[in-house]
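Coordinate inspection notes
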Amino acid sequence: MKVQHTNRLTNENSPYLLQHAHNPVDWYPWGEEALQKAKNENKVILVSIGYAACHWCHVMERESFENEEIAKIMNEFFVCIKVDREERPDIDQIYMDAVQLMTGSGGWPLNCFATPEGKPFFGGTYFRPNDWVRVLQGIQNAWLNEKDKVENVAQQISEGIRSNELIESKAERKVFDFKELQNGYSNWEKDFDHVEGGNNRAPKFPLPNSWQFLLRYYDASREQKALDHLVLTLDKMAAGGIYDQIGGGFARYSVDAIWKVPHFEKMLYDNAQLVSLYAEAYSLTKIPEYKQIIEETLAFVDRELSLPNGGFYSSLDADSEGVEGKFYVWEKSEIDELLQEDSKWFCEFYGITEKANWEEGNILMISADKDELIAKYGMSQPEFETKLKRCSDLLLEHRERRIRPGLDDKSLTSWNALMIKGYVDAYKALGQKKYLDRAEKAMHFIEANSLKGESHLHRNYKDGVSKINAFLDDYSFTIEAYIVLYQASFKEDYLHKADRLVKQVMKHFSDEKSGMFFYTSDEDPDLIARKMELIDNVIPSSNSSMAKSLYLLGTYLENELYIERAMQMLSNVKDRLVKAPAYHSNWGQLFFWLANSSYEIVIVGENAMKAKKKIESLFLPNVILAGSETKSDMPLLKNRYVPNQTTFYLCKNRSCKIPVYSVEELLNQLKEELN
């Protein structure tokens, strides 16, 4: 089919940018050509940011960016730059900060107007077509007639962006005491939804790292309400429409307070972290449904988000055939036809009705008590589970014939690393070797496609091309992935690879004044601000990730400088953490290690790998595991190997208990220490 319009985005490989490559808007990718054009022609820059799975990005494209008349205004007055926020989070951070400073909120699509120097002065998210035209005309009028005022606003906003989240000087070294977290937890608890789980608001977003903090808070305090809330939240999510009851995997968020109606896009980073969360929760609670969630979600990732050569794609769109959720919802008549005599109880279980439980069709959501349903229909528990699996498989097979949602088929290093950790955590919790094998295959993918030399990472990969320098989260999450791969396999090379990446980060991202790390490398072109990530949100901050890894690597390699740096970083954010642990939850995990002094469990000998499996299947968040089946010169293992014997050591604060020779004896030692 002949296309009417083509712009410079046709030369990009980001699926999001390519979606806009045939708009009548004369889009540029971010780069020197566009920035220089704005300066040469003294034009305002429009920075329009989104991502491939973003529903409202598609809506604004259809309504405004595909409109010839609107595009004409945009092309005449502005240099229009399209940015994939997932490829260039450094740019997104700056203009999102600007819009949040100006309006108090943000989101995507993000549309921000900036001076030819890139300094933002006005912005917002989604605009209806008529509103968008008024904004375009108003901005151009202000630039022509009130330029001094515009530039003054831009300067003030740029200064606000530079100071936001920046720590400028070293804080005094702090003492870490668990009791200091209690007030912050109590304030956070006031936001809990004690009926539906999560926080007491809508929409509801999965916050995996915050809930991992609750697991650790419970472990440290035995505060039963923290665990109860975590279990309630995980149960409600697993039963809700936010979870794909037929195909596994979680959607981005629920638009309501009961986890029913999802925003149907499925993101790799959500599913990666939720696998880790359910794996940890299963290790502690042994709730069988959590095992099922882990297995089904990883089956979804394998089936729908996996490259043949080991990496992972980024996301699935919310829309198919231009309709949000169409791929996932059902008419009752479809299910009646497919399931025949099993349709009645199946529809009752999942809340499927003739009228439909949502505007576009029936969303499957567990709506009946399983035991009551089994009794009502005279089934045994095994019979019910067998029939449910058979019915779900039939629906999944039928659904696969539908027109699929769009796939964002780029691979991002940081998200791939999160997914590697998810597979490793699943392996540890469930003991299934295939999950560790899959994690190692994915790490080989990163090494083959995103790692240049021994320590220089790239952020993105698609169709053999990897061209964007990595950001701090790409390094920090890959370092974390190497560390958990070592813990699961005892392959020491993983620690040495992690250490090489740490040295690269120290060289190119470090802020020596504060001890923190910038998000961008000093090898990259300057933007109007060099940001630091401190707040843990839907994805943990890259600084908290680095601090945790420095502590772990420092412990494994006996590198005191790494441990000191981790303690300094935590000191810098401690006041923020104790005040608002929900938004510094990953920092909180490091806080627990330092406040309670972590234990080291060392296993050396011919049965080390076998013995490790029982230990790692337990929820022991304050334990650092090391081991080897043979001699090792690693500091924690040196001179500890004895032929034809497997020996266990429990150590803390550079002091070890007497060695023992079975897992049971080791766990008894640990139990005595903890009581």
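This write-up is about the structure you can find in this document. Because the structure is a prediction, the values reported are computed rather than measured.

Considerations on the overall build of the protein
- Looking only at helices and strands, one finds 25 helices and 20 strands in the protein.
- A compact globule built from 675 residues would reach a C-alpha radius of gyration of about 26 Å, and the protein, at 26 Å, matches this within 12%.
- Seen through its C-alpha atoms, the protein measures out along the principal axes to roughly 80 × 70 × 50 Å.
- Taken across its 675 residues, the protein has 61% of its residues classed as buried.
- Sequence separation of 24 or more characterises 69% of the internal contacts of the protein that already satisfy a separation of 6 or more.
- For the protein, the accessible area works out to roughly 27100 Å², and carbon and sulfur atoms hold 48% of it.
- Positive and negative side-chain charges of the protein, numbering 81 and 103 respectively, have mean locations separated by a distance of 2 Å.

Overview of the sheet that holds strand β20 (residues 655–656)
- Read across the open sheet, the four strands follow the order β18-β17-β19-β20; overall the sheet is mixed. Unpaired on one side and paired on the other, β18 (623–628) and β20 mark the two borders of the sheet.
- Where strand β17 (residues 599–605) meets β18, six bridges bridge the pair, whose relative direction is parallel. Along β18, the bridge assignment pairs E600 with I624.

Some thoughts on the sheet that holds strand β4 (residues 110–114)
- Across the sheet, which stays open at both edges, the five strands sit in the order β1-β3-β2-β4-β5 with mixed pairing between neighbours. The sheet is open, and its two borders are formed by β1 (28–29) and β5 (120–124), each paired with just one other strand.
- As judged from the seven bridges shared by strand β2 (residues 44–50) and strand β3 (residues 78–84), these two strands associate in the parallel manner. Paired with V47 across the bridge in β3 is I81.
- Across the sheet, helix α2 (residues 32–41) touches β1, β2 and β3, and the angle it forms with β3 is around 155 degrees.

A short note on the state of the cysteines
- Considering all chains together, one arrives at two disulfides under this definition.
- Through a disulfide, C54 is tied to C57; the S-S separation comes to 2.3 Å. Note on the C54 and C57 pair: the S-S dihedral is about 80 degrees, so by sign convention the disulfide is right-handed. Across the pair, exposure class does not vary: C54 and C57 are buried alike.
- There is a disulfide in this structure between C651 and C656, and the S-S distance comes to 2.1 Å. The disulfide joining C651 to C656 has a torsion of about 100 degrees about its S-S bond and is therefore right-handed.

Observations regarding the pairing of β5
- Most of β5 is tucked away, with four of its five residues classed as buried.
- Between β4 and β5, which follow one another and run antiparallel, lie five residues, and G118 among them has a positive phi close to 90 degrees.

Some points on the environment of P120
- Assignment of secondary structure puts P120 in strand β5.
- Put simply, P120 and M102 are 18 residues apart on the chain and 9.8 Å apart in space, counted from C-alpha to C-alpha.
- Apart from residues lying up to four places away in sequence, P120 is in contact with Y95, A98, C112, F113, A114, A154, I157, S158, I161 and I528.

Quick word on the packing of helix α20 (residues 493–508) against helix α21 (residues 542–557)
- Across the interface, α20 lies against α21 with an axial gap of 11 Å and an inter-helix angle of 130 degrees. It follows from the interaxial angle that α20 and α21 lie oblique. The hand of the α20/α21 crossing is left-handed. When α20 is examined against α21, the residues L495, A498, D499, V502, V505 and M506 are found in contact with a partner set consisting of M546, L550, L553, Y556 and L557.
- When its residues are assigned to classes, the contact of α20 with α21 shows 10 nonpolar, no polar and one charged.

Notes on helix α7 (residues 147–163)
- For α7, built from 17 residues, the straight-helix expectation of 24 Å at 1.5 Å per residue is met to within 8% by its first-to-last C-alpha distance of 25 Å.
- What α7 keeps buried is the set V150, A154, I157, S158 and I161. Viewed end-on, α7 has its buried residues packed into an arc of 105 degrees, placing them on one side of the element. Projecting away from the buried face of α7 at angles above 90 degrees are the exposed residues D148, K149 and Q156.
- As for α7, its buried residues are in contact with α5 (89–103), β5 and α6 (129–145).

Concerning the side chain of S450
- Within the secondary structure, S450 is located in the loop between α18 (433–449) and β14 (451–452).
- Contacts of S450, omitting those with residues within four sequence positions, involve T413, F445, H456, L457, H458, Y461 and S466.

Here's the deal with the packing of α5 against α7
- Closest axis-to-axis distance for the α5/α7 pair is 9 Å, and the angle between their directions is 115 degrees. One way to sum up the angle between α5 and α7 is to call them roughly perpendicular. Where α5 crosses over α7, the handedness of that crossing is right-handed. Every residue of α7 that contacts α5 at I94, D97, A98, L101 and M102 is listed here: I157, G160 and I161.
- Of the residues belonging to the contact of α5 with α7, the class tally is six nonpolar, one polar and one charged.

Some remarks on the pattern of salt bridges
- Evaluation of the coordinates by the stated rule reveals 56 salt bridges.
- Residue E41 is joined to K43 by a salt bridge in which the shortest nitrogen-to-oxygen separation is 3.5 Å.
- When its relative accessible area of 38% is taken as the criterion, E41 is described as partly exposed.
- Accessibility expressed as a relative area gives 16% for K43, which makes it buried.
- Where K531 meets D97, a salt bridge forms, and the shortest distance between an N and an O atom there is 2.5 Å. Here the residue K531 occupies a position in the loop between α20 and α21, and D97 occupies one in helix α5, the gap between them amounting to 434 residues. Pair check on accessibility: K531 and D97 agree, each one buried.
- One network of salt bridges, in which partners are shared, links D84, E86, D408 and K410.

Details of unusual backbone geometry
- At the junction of W108 and P109, the peptide bond is cis and its omega measures out at 5 degrees in the coordinates.
- Along the chain, the position of P109 falls in the loop between α5 and β4.
- Here A202 and P203 are connected by a cis peptide whose omega angle stands at 0 degrees.
- Looking at the secondary structure, you find P203 in the loop between α8 (182–189) and α9 (208–221).
- At S597, a position not held by glycine, the phi torsion is positive, near 60 degrees.
- One non-glycine residue, R654, lies in positive phi territory at about 65 degrees.

Section: the nonpolar core
- By size, the foremost hydrophobic cluster in this structure holds 188 residues, and its most contacted members are M74, F113, W132 and Y278.
- With sequence-adjacent residues up to four places away left out, Y278 is seen in contact with L234, M237, A238, F250, Y290, I293 and I294.
- In this structure, A34, I49, V99 and I157 belong to the second largest nonpolar core, which totals 24 residues.

Side note on the packing of aromatic side chains
- According to the stated counting rule, one finds 42 aromatic pairs in the structure shown.
- Counting every residue linked through ring pairs, the aromatic cluster contains W27, F65, F77, F78, F113, F122, F127 and W132.
- Taking NZ or CZ as reference, K286 lies 5.5 Å from the ring centre of Y282, over its face.
- Above the ring of Y649, the side-chain terminus of R640 is found at 4.3 Å from the ring centroid.

Criteria and cut-off values
- Residues numbered from 1 in each chain as written.
- Predicted model: local features only at pLDDT ≥ 70, side-chain atom pairs only at ≥ 80, totals over all residues.
- Heavy atoms only, no water.
- Helix = DSSP H or I, 4+ residues; strand = E, 2+ residues; numbered from the N terminus.
- Rg over C-alpha atoms; globule rule 2.2 N^0.38 Å.
- Buried < 20%, exposed > 50% of the residue type's maximum accessible area, 1.4 Å probe, protein only.
- Contact = heavy atoms within 4.5 Å.
- Areas by Shrake-Rupley, 256 points an atom, 1.4 Å probe, with all protein chains shown as cover.
- Lys, Arg positive; Asp, Glu negative; His and termini not counted.
- Charge placed at Lys NZ, Arg CZ, Asp CG, Glu CD.
- Pairing = 2+ DSSP bridges.
- Axes fitted to C-alpha atoms, helices over the stretch in contact; angles between N-to-C directions.
- Disulfide = S-S within 2.5 Å.
- Parallel < 35°, antiparallel > 145°, perpendicular 65-115°, else oblique.
- Left-handed = near helix turned anticlockwise from the far one by under 90°.
- Nonpolar A, V, L, I, M, F, W, Y, C, P; charged D, E, K, R; others polar.
- Expected span 1.5 Å × (residues − 1).
- Arc of directions from axis to C-beta.
- Salt bridge = Lys/Arg side-chain N within 4 Å of Asp/Glu carboxyl O.
- Core = buried A, V, L, I, M, F, W, Y, C linked by side-chain atoms within 4.5 Å.
- Phe/Tyr/Trp six-rings, centres within 6.5 Å; stacked < 30°, edge-to-face > 60°.
- Lys NZ or Arg CZ within 6 Å of the ring centre and 35° of its normal.

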